[in-house]
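# Observations on chain architecture
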Amino acid sequence: MSLGLIGEKVGMTRIFSEAGNSFPVTVIDVSNNRVTQVRSKESDGYVAVQLAFGRGKSSRSTKSIQGHYAKAGVEIGSTLKEFRMDGSQELDSLAIGQLMNINETFKVGQKVDVTGISIGKGYAGVIKRHNFSSNRASHGNSKAHKKPGSIGMAQDPGRVFPGKRMSGHLGNVKKTIQNLEILKIDSERNLLLIKGAIPGHKGGCVVVRPSVKAV
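A few points on the structure.

Cut-offs applied
Residues numbered from 1 in each chain as written. Predicted model: local features only at pLDDT ≥ 70, side-chain atom pairs only at ≥ 80, totals over all residues. Heavy atoms only, no water. Helix = DSSP H or I, 4+ residues; strand = E, 2+ residues; numbered from the N terminus. Rg over C-alpha atoms; globule rule 2.2 N^0.38 Å. Buried < 20%, exposed > 50% of the residue type's maximum accessible area, 1.4 Å probe, protein only. Contact = heavy atoms within 4.5 Å. Pairing = 2+ DSSP bridges. Axes fitted to C-alpha atoms, helices over the stretch in contact; angles between N-to-C directions. Salt bridge = Lys/Arg side-chain N within 4 Å of Asp/Glu carboxyl O.

## Some details on the overall build of the protein
- Each helix and strand counted, the protein has four helices and 11 strands in total.
- Relative to the globule expectation of 17 Å for 215 residues, the C-alpha radius of gyration of the protein, 23 Å, shows a markedly less compact shape.
- Each principal axis of the C-alpha atoms in the protein carries an extent, and together these give about 70 × 50 × 40 Å.
- Looking at the protein residue by residue over its 215 residues, the buried ones come to 33%.
- Sequence-distant contacts in the protein: of pairs separated by 6 or more residues, those separated by 24 or more amount to 69%.

## With respect to the sheet that holds strand β1 (residues 5–16)
- The antiparallel closed barrel is built from six strands, whose spatial order is β1-β2-β10-β9-β6-β11. Going across the sheet, the axis of each strand differs from the next one's by a mean of 50 degrees, ignoring polarity.
- Of the strand pairs in this sheet, strand β6 (residues 111–117) and strand β11 (residues 205–210) are connected by five bridges, and their pairing is antiparallel. Looking across to β11, one finds that Thr115 is bridged to Val207.

## Details of the pattern of salt bridges
- Under the criterion given, the structure shown has four salt bridges.
- With a shortest N-O distance of 2.6 Å, Glu82 and Arg39 are connected by a salt bridge. Separated by 43 residues along the polypeptide, Glu82 in strand β5 (residues 79–84) and Arg39 in strand β3 (residues 34–39) bring together distant segments of the chain.
- Accessibility expressed as a relative area gives 27% for Glu82, which makes it partly exposed.

## Concerning unusual backbone geometry
- Omega for the peptide link from Asp156 to Pro157 comes to 0 degrees, which places this bond in the cis form.
- Within the element layout of this structure, Pro157 appears in the loop between α4 (126–130) and β8 (168–169).
- The backbone of Asn32 shows a phi angle near 60 degrees, a positive value even though the residue is not glycine.
- Positionally, Asn32 belongs in the loop between β2 (22–29) and β3.
- A positive phi angle, close to 60 degrees, is found at Asn172, a residue other than glycine.
- In this structure, Asn172 sits in the loop between β8 and β9 (174–186).
- Its relative accessible area of 47% is what places Asn172 among the partly exposed residues.

No statement about biological role is implied by the geometric values presented.
Structural data, given as structure tokens:
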């Protein structure tokens, strides 16, 4: 329950430490995060900050969304996200229409959680989707090399239990990678360089928050 930023996954590269060690990093563009609404305990019953990111088209937006952005006096965004806050004292420095400062939100060395939509890979079998082992390649096996095997029972309870691991759509789900470290911040271009990989494809929208498990 703390303020984060919305960003766009630019891609992956690597940076070198002073000792010459190579670290893989994901580059995230968090520029032009603007405040569209500030919720308080008195008026809304909870404390939160609503941010907009990217550029949207008014022709693709409803009248209510257009009016919401017009009231805030900011450009229509492609993504709208609300961040719950712990207390109202953190909102004193925020105003509607304000652009978020990357250096005031995150620091180098800070641990963060990154949420995004994983890359969709279509319909997949149990071996690719759930890391099942394949069946025998010979010794009487007929057309069952990559099949999952038995999924239920003949008698009581005589049904397939919910959650059974089977073939189906792989990827394209909301994923969060926790405890990733910020190795570098490019203040001029509003870029975060985060150690490791994050969910999603290049150009995908992600949400970066301070880690809930940071020690």
